[in-house]
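Descriptive structure summary
Take a look at the letters that make up each chain.
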Amino acid sequence: MAWIERTSGEHWRVRYRSNGSVTSEGGFTSVTAAQHRAREIEVGLRHRAFRDPAPARTTLDDWLTRWWHTLSVDDLTVENYAYLIGKHIRPRFGHTTLGDIRSSDIQRWAADLYACGYQHTTVHGLLSLLGRILGDAVDDELIPANPVRHHRNRGKRAHHIIREMLWATPEEVLRGALQAAQLHHQSSALLIVTAAWTGCRWGELAALQRHNTHPDDRTIVIDPDTGTLKESSRRQWLGPPKTAASARTITLPAFLAVLLKHHLETHDHSPVFPNTDGGFLWRSTWRTRTFNPAFDGNHHLPNPHTRLHPIRPGLTFHELRHSHKT
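These figures come from a predicted structure and were not determined experimentally.

1. Describing the packing of aromatic side chains
According to the stated counting rule, one finds ten aromatic pairs in the structure shown. Judged by centre distance (5.7 Å) and plane angle (65°), the rings of Phe 291 and Phe 317 are edge-to-face. Remark: Phe 317 occurs in the loop between helix H10 (283–296) and helix H11 (318–325) and Phe 291 occurs in helix H10; sequence separation between them is 26 residues. The residues Phe 291 and Phe 317 share a single accessibility class, namely buried. Clustering of aromatic rings is evident, with ring pairs tying together Trp 202, Trp 286, Phe 291, Phe 295 and Phe 317. Stacked on the ring of Trp 237, the Lys or Arg Arg 235 has its end atom at 4.0 Å from the ring centre.

Written as structure tokens, this is what we have:
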């Protein structure tokens, strides 16, 4: 049952009973509008299609407080979510009620991110995260539908230009490794060579321990419990590799086994490829200071400390894994 009441002046409200309690909707400036809304509610209640709008008035901030406790993900994912939500999602939608977040608002937000120079992978990741947050709100019956929509290749919104996969020849890998040694250390050169000739991921080689390296047997072991290095913006820790099949024993080429044996004799640290303090390398730091310039070159710099020639501009560390397969 729904009925109308006059509140003050020319304002009216609709009241109805739902789930054993009385709820109201206000803000109607005419009795006709209030009566029309009351009839809509009556029909919805009669056909059990009426949805109480009160839950949709929950702000995104309030929903996130509850949503965090529903997650069952690893520590790295939690830290990544916290960073993305704090930097991008909360500033834009935190004080907005869930029912007021429209698909057009989200598309405009995505367009603003692109205009600020963010890459497609970053924008897509943010949309996916917001989609998960709002999708869980749908499951919790706070809103009727998820406003996040992924539009593919729709006119000017097709921001994603697929980049061709790069791969390096053995000669290019060795030349890049030599330039990496000039920039950082001989261990960086060997790290690059090991990646290209074993197909290991970055985290697997960054986490590789002395006791899992057996040059005399020509093998290295990716441990099932501590076989990969995980890192957030503030800390590093060892954990299991990406998949169960990634825990494996890898046979080394003879020349690489000899290089690793000599390399281990040059230091007594636990990581096979340590930083200057004997700890683990930081991926972003090593990539930007050593790997990228080693293959991109630095001809764009006026007076670099070490002049480097472009070898395979744009090559990523993960593409050494594809180079190994090739």
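Moving on, there is more to tell.
2. Comments concerning the side chain of Arg 201
Within the secondary structure, Arg 201 sits in the loop between helix H7 (186–198) and helix H8 (202–206). Note on Arg 201: relative accessible area 18%, which makes it buried. Side chain to side chain, Arg 201 and Ser 246 meet in a polar contact 3.0 Å long. Each residue touching Arg 201, except ones within four places of it in the same chain, is listed here: Lys 242, Ser 246, Arg 248, Phe 317 and Arg 321.

3. A few points about the side chain of His 263
Mapped onto the fold, His 263 is located in helix H9 (residues 254–264). With a relative accessible area of 9%, His 263 lands in the buried category. In contact with His 263, not counting residues within four places along its chain, are Ser 187, Leu 190, Val 272 and Phe 273.

4. Let's talk about the nonpolar core
Ile 192, Phe 273, Phe 317 and Leu 320 are the most contacted members of the largest nonpolar core, which has 39 residues in total. Among the secondary structure elements, those contributing two or more residues to this core are helix H6 (170–183), H7, H8, H9 and H10. Of the residues forming this core, the biggest block, seven residues, is contributed by H7. Residues in contact with Leu 320, not counting those within four places in the same chain, are Val 173, Ile 192, Ala 195, Ala 196, Phe 291 and Leu 315.

5. Observations regarding the environment of Ile 143
Checked against the element boundaries, Ile 143 lands in the loop between helix H5 (120–139) and H6. In this structure the C-alpha to C-alpha distance between Ile 143 and Pro 55, which are 88 residues apart in sequence, comes to 7.2 Å.

6. Description of the packing of helix H3 (residues 75–93) against H5
Where H3 contacts H5, the axes come no closer than 11 Å and their chain directions differ by 80°. Relative to H5, the element H3 lies roughly perpendicular. Counted together, Tyr 81, Leu 84, Ile 85, His 88, Ile 89 and Phe 93 of H3 and Leu 126, Leu 129, Leu 130, Arg 132 and Ile 133 of H5 form the full contact between these two elements. Looking at the contact of H3 with H5 residue by residue, the class counts come to nine nonpolar, one polar and one charged.

7. A few points about the sheet that holds strand S8 (residues 249–251)
Read across the sheet, three strands follow the order S4-S5-S8 without closing on themselves; strand pairing throughout is antiparallel. Edge positions in the sheet fall to strand S4 (213–214) and S8, since each of these pairs with one other strand and no more. Relative to S8, strand S5 (residues 219–221) runs antiparallel, the two being bridged by three bridges. The partner of Thr 219 across the bridge, within S8, is Thr 251.

Scoring rules and cut-offs
- All residue numbers here refer to positions counted from 1 along the written sequence of the relevant chain.
- The predicted origin of the model limits local features to residues at a pLDDT of at least 70 and limits the giving and counting of side-chain atom pairs to 80 or more, whereas totals for whole chains, interfaces and linings rest on all residues.
- Hydrogens and waters are ignored; side-chain quantities use all the structure's heavy atoms.
- Pairing of aromatic side chains requires ring centres within 6.5 Å, counting the rings of Phe and Tyr and the six-membered ring of Trp. Pairs whose planes differ by under 30 degrees are stacked, by over 60 edge-to-face, and all others tilted.
- Only DSSP runs of H or I covering at least 4 residues are called helices, and only runs of E covering at least 2 are called strands; the numbering of each starts at the N terminus.
- Any residue under 20% of the maximum accessible area for its type is buried, any over 50% is exposed, and the rest in between are partly exposed; the area is computed with a 1.4 Å probe on protein chains only.
- When the NZ atom of lysine or the CZ atom of arginine is within 6 Å of a ring's centre and also within 35 degrees of its normal, the charge is said to sit over that ring.
- Under this definition, polar contacts are N or O atom pairs within 3.5 Å; protein pairs additionally need one hydrogen-donor-capable and one acceptor-capable atom, and for neighbouring residues in sequence, both atoms have to be side-chain atoms.
- Throughout, a contact is declared for two residues whenever any of their heavy atoms are within 4.5 Å.
- Definition of nonpolar core: a set of buried residues of the types Ala, Val, Leu, Ile, Met, Phe, Trp, Tyr and Cys, connected through side-chain atoms within 4.5 Å.
- Axis angles are defined between N-to-C directions and span 0 to 180 degrees, where every axis is a line fitted to C-alpha atoms and, for a helix, only to the segment in contact.
- Note on angle classes: values under 35 degrees are labelled roughly parallel, values over 145 roughly antiparallel, values of 65 to 115 roughly perpendicular, and the remainder oblique.
- When residues are grouped by polarity, Ala, Val, Leu, Ile, Met, Phe, Trp, Tyr, Cys and Pro land in nonpolar, Asp, Glu, Lys and Arg in charged, and all others, Gly among them, in polar.
- Pairing between strands is defined by DSSP: at least two bridges between the two strands are required.

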